[in-house]
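Per-entry structural report
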Amino acid sequence: MAAACYFVALFHRSSLAVAADAATERFSTSPATLSVLSALQLAIYLALQIPAGVLADRIGPRRMITAATLALAVGSAVFAVSASLLGGLAGRALIGFGDAFLFTNVLRLAAHWFSADRFGRVAAVTGLVGGIGQLAATAPLGTSLRLFGWVGTFSGAAALTAVLALSAWTMLRDRPDGHAEHEAAETAGAAPRERVSESLKAVVARNGTWHSFWVHFVMMGQFVAVTVLWGPPWLIESQGYDSAAASSWVLLCVGGFLAGSWLCGQYVAGRPHRRQRFALGLSTVVTLTWGVVIGWPGVLPPALLTVLLLIIGVAGGSAMLAFDGVRAANATHRSGLAVGTANMGGFTAAVLIQLAVGGVLRLAAELPADPSYRLAYLPVLVLVVVGTLGQLRQRRLMRREQPAARTTSG
């Protein structure tokens, strides 16, 4: 049930990408200005990750998931009826608010219901369900917009989301019977009601937290940037595809996300050394991918474009490994805050990418579409390199911790 709420969160988060053409016409604006809508939504999501983690640990996921899903419903309704950019901003702000509290609380619920060694797989399956929601925001959403129009599509999504919120309140339970007593025993002597500042200090002091932050920074940031806003305009304006074809290419990228989530859940999650090696190797491949996107002159051959979008998508799905790592690095009673901290990585990158790409496109407005987009994607490459180097540094620090920990325990 909680994963179903995350499904609709990913649908609403990603809906602006496929609806970009319709949104520019409805709000009488340009794609570069439209990036403000996406950046605002992601900035709100980013800013609320620490509060989301704290509230997940203190209030409980049932209340937070229900409230967050209701916020998504209201935001979609506002977005549906708005005919001005200001109204669109208000709708996307509410969607960003609701989205911000969902994933962290879904994984907090998972921490209550599943053992630590199964947590990584549950996180990956949750990502898989969310990816299906993002899948619904590609070609199916485009079809709905053509058949039912702007108001019909987004008001219908709002109604279905409201029903899901009511279902979540009815069906969800924060923890199994007897789990509260077990958790209290686990955190005895460790201040189960410690102050937020103490919890945050403990979480950010862990090298494993920062390693997970950088894993998410690299893998999720670039995926969100492509699928939430900049993928379709790039495919249409620079690569020469029409709106329907661009939606299909984004669909392929989301398919890669689903494959990455599934593969990581099956073969990587729960295996610390394999997880670290896989994350670093895939981050290197992502860096090379963006180097090709920027360096290739003119239109990319379809076969090469297929490979590049699949890599971007697989990396996005593999970002779920960050939550496996951060859960292993932190105590159970801080798992909500730890997940929220790691989750900031990808969305810090996504916000920076959204703003940087939009800014470069405005500066390069006099250039043809292909060179302007290649220049605009340079910040993506820079951020991916920074995140990969951050992973490498934290991995070395974690290796140094392990001999020290064995010596101390001996």
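Note that the structure is predicted; figures quoted are calculated from it, not measured.

**Notes on helix 13 (residues 272-295)**
Over its 24 residues, helix 13 extends 35 Å from the first C-alpha to the last, a length consistent with the 34 Å expected when each residue adds 1.5 Å. Regarding helix 13, the residues found buried are Arg275, Gln276, Ala279, Leu280, Leu282, Ser283, Val286, Thr287, Thr289, Trp290, Val293 and Ile294.

**Remarks on the environment of Gly281**
Mapped onto the elements of the fold, Gly281 is located in helix 13. For the pair Gly281 and Thr388, spaced 107 residues apart in sequence, the C-alpha to C-alpha distance is 9.3 Å.

**A look at the pattern of salt bridges**
Taken as a whole and judged by the stated rule, the model has five salt bridges. The residue Arg108 makes a salt bridge to Asp57 at a minimum N-O spacing of 2.5 Å. On the criterion of sequence distance, the pair formed by Arg108 in helix 6 (residues 85-113) and Asp57 in helix 4 (residues 49-58) is long-range, its members being 51 residues apart. Arg108 sits in the buried class, given a relative accessible area of 3%. Residues Arg275 and Asp324 are paired through a salt bridge, measuring 3.1 Å at the closest nitrogen-oxygen approach. Of this pair, Arg275 sits in helix 13 while Asp324 sits in helix 15 (residues 321-329), and the two are 49 residues apart along the sequence. Comparing Arg275 with Asp324, the two get one shared label, buried.

**Some words on the confidence of the model for the protein**
Here the protein shows a mean pLDDT of 87. Residues at 70 or above account for 93%. Low pLDDT, under 50, characterises residues 181-191; the stretch is placed with nine contacts to residues that sit more than four places away or in other chains. Per-residue pLDDT stays below 50 along residues 404-410; that stretch engages in zero contacts with residues further than four places along the chain or on separate chains.

**Details of the packing of helix 12 (residues 243-267) against helix 14 (residues 302-318)**
Packing of helix 12 against helix 14 leaves a shortest axis separation of 6 Å and a crossing angle of 45°. Looking at the two axes, helix 12 sits oblique to helix 14. Crossing geometry of helix 12 relative to helix 14 is assigned as right-handed. In this structure, helix 12 contributes Trp249, Leu252, Cys253, Gly256, Phe257, Gly260, Ser261 and Cys264 to the contact, and helix 14 contributes Pro302, Leu305, Thr306, Leu309, Leu310, Ile312, Gly313, Val314, Gly316, Gly317 and Ser318.

**Some details on unusual backbone geometry**
Despite not being glycine, Ser28 has its phi angle at roughly 50°, a positive value. If you trace the backbone, Ser28 turns up in the loop between helix 2 (20-26) and helix 3 (31-47).

Quick notes on the rules
- Residues numbered from 1 in each chain as written.
- Predicted model: local features only at pLDDT ≥ 70, side-chain atom pairs only at ≥ 80, totals over all residues.
- Heavy atoms only, no water.
- Helix = DSSP H or I, 4+ residues; strand = E, 2+ residues; numbered from the N terminus.
- Expected span 1.5 Å × (residues − 1).
- Buried < 20%, exposed > 50% of the residue type's maximum accessible area, 1.4 Å probe, protein only.
- Salt bridge = Lys/Arg side-chain N within 4 Å of Asp/Glu carboxyl O.
- pLDDT = per-residue confidence, 0-100.
- Contact = heavy atoms within 4.5 Å.
- Axes fitted to C-alpha atoms, helices over the stretch in contact; angles between N-to-C directions.
- Parallel < 35°, antiparallel > 145°, perpendicular 65-115°, else oblique.
- Left-handed = near helix turned anticlockwise from the far one by under 90°.

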